[in-house]
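# Notes for the structure review
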Amino acid sequence: MASPVSVYSPTPMADRFSSTSRESLKMELLADVSLLPGEERIIDKDIIYVCPFNRAVKGKVLITNYRLYFKSSEADVVMALDVPLGAICRVEKMGGASSRGENSYGLEITCKDMRNLRFALKQEGHSRRDIFELLFKHAFPLSHGLPLFAYMSQEKYGENGWNIYKPMDEFRRQGLPNSKWRVTFINNNYEVCDTYPTILAVPVKSKDEDLRRVAAFRSRGRIPATGGGYEGDEYQNAELVFLDIQNIHVMRESLKKLKDIVYPNVEESHWLSSLESTHWLEHVKLVLSGAIQVADKVSSGNSVVVHCSDGWDRTAQLTSLAMLMLDSHYRTLRGFQVLIEKEWISFGHKFASRIGHGDKNHADQDRSPIFVQFIDCVWQMTKQFPTAFEFNERLLLTILDHLYSCCFGTFLYNCESARDQHVRSKTVSLWSLVNSRMEIYLNPFYTPESGRVLYPVASMRHLELWVTYYIRWNPRIRQQQQSPVEQRYMELLALRDEYLKKLEELQQSSSSRLANTPNTTSSTPPQPYTELHTPL
Amino acid sequence: MFSVKPTKPTFRSYLPPVQTDVKKTIESPPKKVEPKLLQGEIVVNEVNFVRKCLSADSSQEGLWGKLICTNFKVSFIPTDPPSEQKSHLSHLLLGLHDIPLTCLEQVVTVNDTKGKKKVLGSNQKLKFNPTELILYCKDLRIIRFCFVEAGPESAKKVCLAIAHYSHPADLPLLFGFEYQGRRYHDSKGQRVNDRGGLRTPIFDRPSDWDREIKRTGASEWRVCSINENYAISPSLPEHIVVPVSLADQDLKQNSIYFMNQRIPVWCWNHPNGSALVRMASIADPLQQRRIDQRFIPAITKSHPQRSEVIRSDLDKCLPNIQDLQSAFIKIRHICVIDSFEESEERWLSSIENTRWLEYVRAFLKHSAEMVYLLDGKNTSVILQEEEDRDLNCVVSSLVQLMLDPHYRSLVGFQSLVQKEWVMAGHRFLDRCNHLKKNDKDESPLFMLFLDCVWQVMNQYPAAFEFTETYLTVLSDSMWIPLFSTFLFNSPKQRAQYLMDFAKNKAIPQGEDQLVYFPPVWDWSQQYSTADQTLFNNPMFVGKGAACVQNGEVKTFRRTKKTYSATVRGTHASLRNGQKGGEDSLARRGSLLSELKPDFSLVKDESPSERFFRDWFSRPADQQSLLIPLLIPSHLALWKLYFLRWVPEACIFKGGPITAYHKLSQLVDEIEILQSHLRQYKGTRESGSTQLPGLSGPFSSQRRMYFKASSLQDPPSPPDFLTSSFPFTPSGNLCRRSTYGTPISKFLNGARIWLSTETLDNDPL
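Residues numbered from 1 in each chain as written. Chains lettered and ligands numbered in written order. Predicted model: local features only at pLDDT ≥ 70, side-chain atom pairs only at ≥ 80, totals over all residues. Heavy atoms only, no water.

The name recorded for chain B in an unreviewed UniProt entry is Myotubularin phosphatase domain-containing protein, from Gasterosteus aculeatus aculeatus. If you open the UniProt record of chain B and go to Sequence similarities (unreviewed entry), you find "Belongs to the protein-tyrosine phosphatase family. Non-receptor class myotubularin subfamily." (UniProt positions renumbered as here; feature names shortened; annotations may be inferred.)

Named according to an unreviewed UniProt entry, chain A is Myotubularin originating from Gasterosteus aculeatus aculeatus. A UniProt comment under Sequence similarities (unreviewed entry) is attached to chain A, and it reads "Belongs to the protein-tyrosine phosphatase family. Non-receptor class myotubularin subfamily."

Okay, the overall build of chain B next. Along the backbone of chain B there are 24 helices and 17 strands. Taking all 764 residues of chain B together, the buried fraction comes to 61%. Put simply, of all contacts in chain B between residues at least 6 apart along the chain, 74% involve residues at least 24 apart. Of the roughly 30,500 Å² that chain B leaves accessible, carbon and sulfur atoms contribute 51%. (Helix = DSSP H or I, 4+ residues; strand = E, 2+ residues; numbered from the N terminus. Buried < 20%, exposed > 50% of the residue type's maximum accessible area, 1.4 Å probe, protein only. Contact = heavy atoms within 4.5 Å. Areas by Shrake-Rupley, 256 points an atom, 1.4 Å probe, with all protein chains shown as cover.)

Looking now at the overall build of chain A. Along the backbone of chain A there are 17 helices and eleven strands. Scored against the burial criterion, the 536 residues of chain A give a buried share of 57%. A fraction of 69% describes how many contacts in chain A between residues 6 or more apart in sequence connect residues 24 or more apart. For chain A, the exposed area adds up to about 21,200 Å²; of that, 50% sits on carbon and sulfur atoms.

Before going further, it helps to spend a moment on the sheet that holds strand 12 (residues 275-280) of chain B. Residue and element names in this part refer to chain B. A sheet is described by the order of its strands in space; here four strands give the open sequence 11-12-14-13, paired in mixed fashion. Each of the sheet's edge strands pairs with one partner strand only, and the pair in question is strand 11 (265-269) and strand 13 (309-313). Here the strands of the sheet are splayed against their neighbours by 25° on average, with no regard to which way each runs. As paired elements, strand 12 and strand 14 (residues 380-385) share five bridges and run parallel to each other. Bridged to Met279 within strand 14 is Gln384. (Pairing = 2+ DSSP bridges. Axes fitted to C-alpha atoms, helices over the stretch in contact; angles between N-to-C directions.)

Residue and element names in this part refer to chain B. Counting buried positions along strand 3 (residues 73-78) yields six of six residues, so the element is predominantly enclosed. The pairing of strand 2 (residues 62-70) with strand 3 spans five bridges and is classified as antiparallel. Bridged to Lys66 within strand 3 is Ile77. Counting the residues in the hairpin turn of strand 2 and strand 3 gives two residues.

What follows concerns the confidence of the model for chain A. Atomic detail in the predicted coordinates should be set aside for any region of low pLDDT. Residue and element names in this part refer to chain A. Confidence in the prediction for chain A averages 84 pLDDT; 84% of positions are at 70 or higher. For chain A, the element scoring lowest by mean pLDDT is helix 1 (residues 15-18), at 35; helix 12 (residues 370-384) scores highest, at 98. Within the model, the stretch residues 228-234 combines pLDDT values under 50 with 21 contacts to residues more than four positions away or in other chains. (pLDDT = per-residue confidence, 0-100.)

On to the packing of aromatic side chains, then. By convention here, two paired aromatic rings are described through the distance between centres and the angle between planes. Per the counting criterion, the structure on display carries 69 aromatic pairs over all chains. Seen in terms of ring centroids, Phe351 of chain A and Phe371 of chain A are 5.2 Å apart; in terms of plane orientation they differ by 70°. Their pairing is edge-to-face. Taken together, the residues Phe351 of chain A in helix 11 (residues 351-355) and Phe371 of chain A in helix 12 connect sequence positions 20 residues apart. Accessibility assignment for this pair places Phe351 of chain A and Phe371 of chain A in one class, buried. Between Phe488 of chain B and Tyr497 of chain B, the aromatic rings sit 6.2 Å apart at their centres with planes inclined by 35°, giving tilted as the arrangement. Take Tyr497 of chain B: its relative accessible area is 22%, and that puts it in the partly exposed class. Through a chain of ring-to-ring contacts, the aromatic side chains of Phe413, Trp421, Phe428, Phe446, Phe449, Phe464, Phe466, Tyr470, Phe486, Trp523, Tyr527 and Phe535 of chain B assemble into a single cluster. (Phe/Tyr/Trp six-rings, centres within 6.5 Å; stacked < 30°, edge-to-face > 60°.)

This brings us to the sheet that holds strand 5 (residues 104-111) of chain B. All names here are of chain B. Read from one edge of the open sheet, eight strands run 4-3-2-1-8-7-5-6, paired in antiparallel fashion. Because the sheet does not close on itself, it has two edges, and the strands there are strand 4 (99-100) and strand 6 (116-120). By the bridge criterion, six bridges tie strand 5 to strand 7 (residues 132-137) in an arrangement that is antiparallel. Following the sheet pairing, Thr109 is matched in strand 7 by Leu133.

Its location among the elements puts Pro319 of chain B in the loop between helix 6 (314-317) and helix 7 (321-337). Once residues lying within four places of it in the same chain are set aside, the contact partners of Pro319 of chain B are Leu324, Tyr359, Ala362, Phe363 and Leu391 of chain B.

All names here are of chain B. Residues Lys114, Lys116, Lys125 and Lys127 make up a contiguous surface patch of positive charge. With respect to the helices and strands, the residue Lys116 is situated in strand 6. Look at Lys116 and you get partly exposed, because its relative accessible area is 40%. (Patch = residues over 30% accessible without salt bridge, like charges linked within 9 Å, V, L, I, M, F, W, Y side chains within 5 Å. Salt bridge = Lys/Arg side-chain N within 4 Å of Asp/Glu carboxyl O. Lys, Arg positive; Asp, Glu negative; His and termini not counted. Charge placed at Lys NZ, Arg CZ, Asp CG, Glu CD.)

Quick look at the environment of Leu35 of chain A now. Note that Leu35 of chain A resides in the loop between helix 2 (22-26) and strand 2 (41-50). Classification of Leu35 of chain A as partly exposed rests on a relative accessible area of 31%.

Residue and element names in this part refer to chain B. For the structure on display, the rule yields 13 cavities of 30 Å³ or more. Taken together, 20 residues form the lining of the largest cavity, with Phe328, Arg431, Ser443, Pro444 and Trp479 sitting closest to its centre. Residue assignment for the lining of the largest cavity shows that the elements contributing at least two residues are helix 7, helix 13 (428-432) and helix 14 (445-459). Broken down by element, the residue count for the lining of the largest cavity peaks at four residues, all from helix 7. Split into classes, the residues belonging to the lining of the largest cavity amount to eleven nonpolar, four polar and five charged. (1 Å grid on protein atoms, 1.4 Å probe; cavity = no way out; pocket = protein on both sides within 12 Å on 5 of 7 lines; lining within 4 Å. Points joined across faces, edges and corners; volume = space filled by probe spheres on them. Nonpolar A, V, L, I, M, F, W, Y, C, P; charged D, E, K, R; others polar.)

All names here are of chain A. Relative to strand 3 (residues 56-64), strand 2 runs antiparallel, the two sharing nine bridges. Counted as the bridge partner of Ile43 is Ile63 from strand 3. The hairpin turn running from strand 2 into strand 3, its antiparallel successor, is five residues long.

Residues and elements named next belong to chain A. Of note, the amide linkage connecting Leu176 to Pro177 takes the cis form, showing an omega dihedral of -5°. Mapped onto the elements of the fold, Pro177 is located in the loop between helix 4 (167-173) and strand 9 (181-184). Here the bond from Tyr263 into Pro264 is cis, since omega is -5°, no more than 30 degrees from zero. Considering the arrangement of structural elements, one finds Pro264 in the loop between helix 6 (248-262) and helix 7 (271-278). Its identity is not glycine, yet Met114 carries a phi of approximately 70°, on the positive side. Its place among the elements puts Met114 in the loop between strand 7 (106-111) and strand 8 (116-120). Here Met114 falls in the buried class, since its relative accessible area comes to 2%. Positive phi, normally seen in glycine, also occurs at Cys406, with a value near 65°.

Our next topic: the nonpolar core. Within the largest apolar cluster, 309 residues are counted, with the highest numbers of intra-cluster contacts made by Phe336, Phe371 and Tyr470 of chain A together with Phe413 and Phe642 of chain B. Once you skip the residues sitting within four places of it in the chain, Tyr470 of chain A turns out to touch Met114, Leu255, Leu258, Val262, Trp280, Val372, Asp376 and Leu465 of chain A. One finds Leu492 and Tyr499 of chain A together with Val667 and Tyr680 of chain B within the second-largest nonpolar core, a separate group that totals 20 residues. (Core = buried A, V, L, I, M, F, W, Y, C linked by side-chain atoms within 4.5 Å.)

Take the pattern of salt bridges next. Residue and element names in this part refer to chain B. In the structure shown here, the tally under the stated rule is 59 salt bridges over all chains. Notably, a salt bridge pairs Glu420 with Lys419, separated by 3.1 Å at the nearest N-O pair. Overlapping salt bridges, with partners in common, bring together Arg262, Arg278, Asp388, Lys419 and Glu420 in one network.

Let us now look at the side chain of Gln325 of chain B. All names here are of chain B. Tracing the sequence through the fold places Gln325 in helix 7. Relative accessible area serves as the criterion here: at 13%, Gln325 is assigned to the buried category. Discounting residues that sit within four places of it in the chain, Gln325 has contacts with Glu442, Ser443 and Pro444.

Okay, the packing of helix 10 (residues 356-376) of chain B against helix 11 (residues 391-403) of chain B next. Residues and elements named next belong to chain B. Taken N-terminus to C-terminus, the directions of helix 10 and helix 11 make an angle of 55°; their axes are 9 Å apart at the nearest point. Put simply, helix 10 runs oblique to helix 11. The way helix 10 lies across helix 11 gives a crossing that is right-handed. Every residue of helix 11 that contacts helix 10 at Phe363, Leu364, His366, Ser367, Ala368, Met370, Val371, Leu374 and Asp375 is listed here: Leu391, Val394, Val395, Leu398, Val399, Met402 and Leu403. A breakdown of the residues in the contact of helix 10 with helix 11 according to their chemical character gives 13 nonpolar, two polar and one charged. (Parallel < 35°, antiparallel > 145°, perpendicular 65-115°, else oblique. Left-handed = near helix turned anticlockwise from the far one by under 90°.)

Residue and element names in this part refer to chain A. By secondary structure assignment, the location of Val61 is in strand 3. Take Val61: its relative accessible area is 1%, and that puts it in the buried class. For the pair Val61 and Leu30, spaced 31 residues apart in sequence, the C-alpha to C-alpha distance is 8.5 Å. Not counting residues up to four positions away in its chain, the partners in contact with Val61 are Leu30, Ile43, Asp44, Lys45, Ile47, Leu68, Tyr69, Phe70 and Ile131.

See below:
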């Protein structure tokens, strides 16, 4: 029996697909696929999955308006693939009707989430024509005048994640407005800057008139506004610090190289030098050390103006990472959501261009994994400070999965003005999903320490490749939902609670026993067990 | 400015009062500028007004005091010691600034004004007055002293003394021989004359072997004492385990054909009956057939299924001792000697070029292959190495560590080291190069083994009873010459030296060696009971570990049977009936060093890869077989060991220790609860009216280093925790000519321009 290729499904209801019972194989092969509300079947077809780890596996593929689902029909191979169409970067035909060799005719799919898929079909009767066309159309709906799945999804959650970030509340939390900074609504209709949010905090002394004039000089009207929102001396006496962080094209190529050395197989012979030659960790390091400098300046009482050419890529990385280091609120589960909403979504990181949601132009030079790199930096920080973050690695994985999935409205569009109000009313926020099952995203080791500034060590000695993200498709690696250390801690917490309960019961029964036998004078019942605790 | 130098720890005690089993001589009053000397320790030379560098930049802060060379250590006594904070492990026999002479790798003197530098050996002359002394230590520390204000002649003398005394002419001149003799006589009468509290089997007597045979169910193997008084082999232990079908006479006759007369000896038995055996090469190739016909059938006979025997020649497939030594030198160089900034640039490829991790992986991989043979293929395995004293030690102990959870307990691990290293005749004396006589024999095999153990531990953090701190402390103990464990090349050599030692020190005949020259395993020699709790892994899922199942507290109890069942498991190869039963019968009696490729569903996959993939597809059972993932991306540099002294790599209030801190607190709380519950139950059953209070007797034997926090005590990690904990980089890694402000570590790769242009100039 071959071992199952691990099923990793980034769909909200992942659990539904994870087990494949033998009985269902006997019945209709795809009968047990439960679709999301609003998800519709497009086509299904017999196909061969040319598994790069295994041999080719016969089975059936199902394409919906949300996903590509493959399931083995071979009795001894338990395997399923579940890929949101949003994760597909490129679909190509492989081989021709006259190609020789086994499984040489079919489809080649390149994904944005570090994997590639190959399917083979029978070399007769243009067997791939319909599936290719339908897959192409639905994987890239925006190129075909179709809506993204986020607009079709009917999923309902208990909480509305769109309410997580309210700019005025957030300014208030930071003590704004104050004597140095004021809140301005000059961008209410995106007339000053179409890629900025409508509400901004700016130095008190800068008049709205001046801001409008400055905007005319700056790239796309992006005036300096509060990043961290930390108090200081307006923009005066500023010190310019240039960080050697590379541009978006370099980052894109770097991640591509990384994919080459981890998928399908990890480069065995010269792993570390291959990893070094991708420069991915080096870029992560430069971004982190840039953020450390920003955080350091801010915490020593200086204001910092962070800028890159446009102010939505490296700027977003640096401000958000610096804020994560400085403000423990952003290290909570909800605070982190606010941080992403504020510094990335609201301040106009061009998600649509950088990710290319629903767009067939895979070679678009605007695409770049800037946000992935940010999440990687956050992961590096969580590794260095295992108790400082309320959320766990699973949250970061979920965020990256839905960065591509197009299941939620959160990462769609380039900026607030393009996002308009329809997104909020017609799509679901990723935070609705996250906050409806928060418990699985909580780090049991979290120890709140308000006011603590975190300085990670931005050194190659500590930076690690995030294998649970970049190398997760490899079936030779046991897939763990939780780190073993976290898992063990949870077990121990459960054990502690169980003992506490038992002890309480014993205390109650013995005190009642003692009450019945008033003669036992020498004994005092044990104190209720309250003196010790290990807070979550 | 952010804090780069250690933030001043505000000390909060998590420890019960230190046990006062420490000798009085060690605890001298703190104010005096006098060295703390052990019994038998004498001051050789000393110099005043010395400055010990505390950071890489020599112009910066330092500590003034007296530098002393004794017959045991280099000691530095600060004139005005800073109030000591409990942020590190404190050694009972060595102070914060002490370095045992055996721990010195290189003694370097420098004269800055003359631009001169000399590496000092034994009995050498020094033509200049040193302005600086740099000590490169085997535990990877680099300590530096400045003599600018010191008397030049006395400084020179101390340097020469340190160099001279760190090159002892002969083994008995190592300080342990002096110390243990005195200690034996001084503490006589206080001691019960047995092996004390030592629970670790030493394997110097038949009963230890017998117990191991019974524990593993190796009924077809027997203890054999033909090597009593080392009559047959000079490097095997006196008692060995051999197939029951081989008679003593047979063994004696055939032993001459093996290198060092190291015949095949038993190491371990799998519950399925397969045995792990080790042996030296056959000295005379012409005798190969004869040996094959004698020993192989006997080993096959000792297998309940009479299954085939596979021999693995480690010399052919693993790096040799020189390869390992050169890799270790290189990786040490990159980690502690090279400038932090410069090595940062090509860090990953530099680490790769040392090949250390590649070798770690090779040993783990080969061991995993052996595990497959024993467990998946149900065959007995013979590890063969020319001398059977180096590579065999590593592989045989790793195989057992993966297969048998017993060896992942603290006592089990120590017995494994005792069995496969110390008693198996690993040349600790030569490999450690304690006498600094023959550099080409030096090789970090034991260190390599510890790194391999760490890799498995890193992947299965709940599977070991002990911590990486324990492994690190164990590696450091190699360089303290006070314990018998790492001082000798073989049990025979130990017996000889200790016999002479006993004679010279008037120790009565028949006294147990372990009593007058104890092994490292008696940890109370080095650390207080409280500090030893740092060895305990709070995550450990051991035998009898409690767990919660369906809201019920249950206990894992493993009888022998269930243990065998889990170890054996049900493997694809057996299930599918792919094991060529008849085939192996036909080839029984012949040495097979090649595997027949099995038919398998997956292309390009060897049977062992298939076995591993099968195993990885199931959840791991911590108390059963463990196979580490050996993809290069899943092997890591052992940071605590290699980087603990590097200040630039130190994460303040961070690193894995902060999770350990929380785990430790939680487990402490659980143990208090358990104790309460037990007392409740005891009360019930005995009908006694004595009820438990919180300050019960258990508080003195608490196993966890960090105690459960109380409500008044916030649960945040204490300020003294760093990624180097329980070690401290301060003053322990002072490389020369590394300049830079603390901030530079953060500015790596970034440049700063201060601009006169401010935003004022903008048309605001």
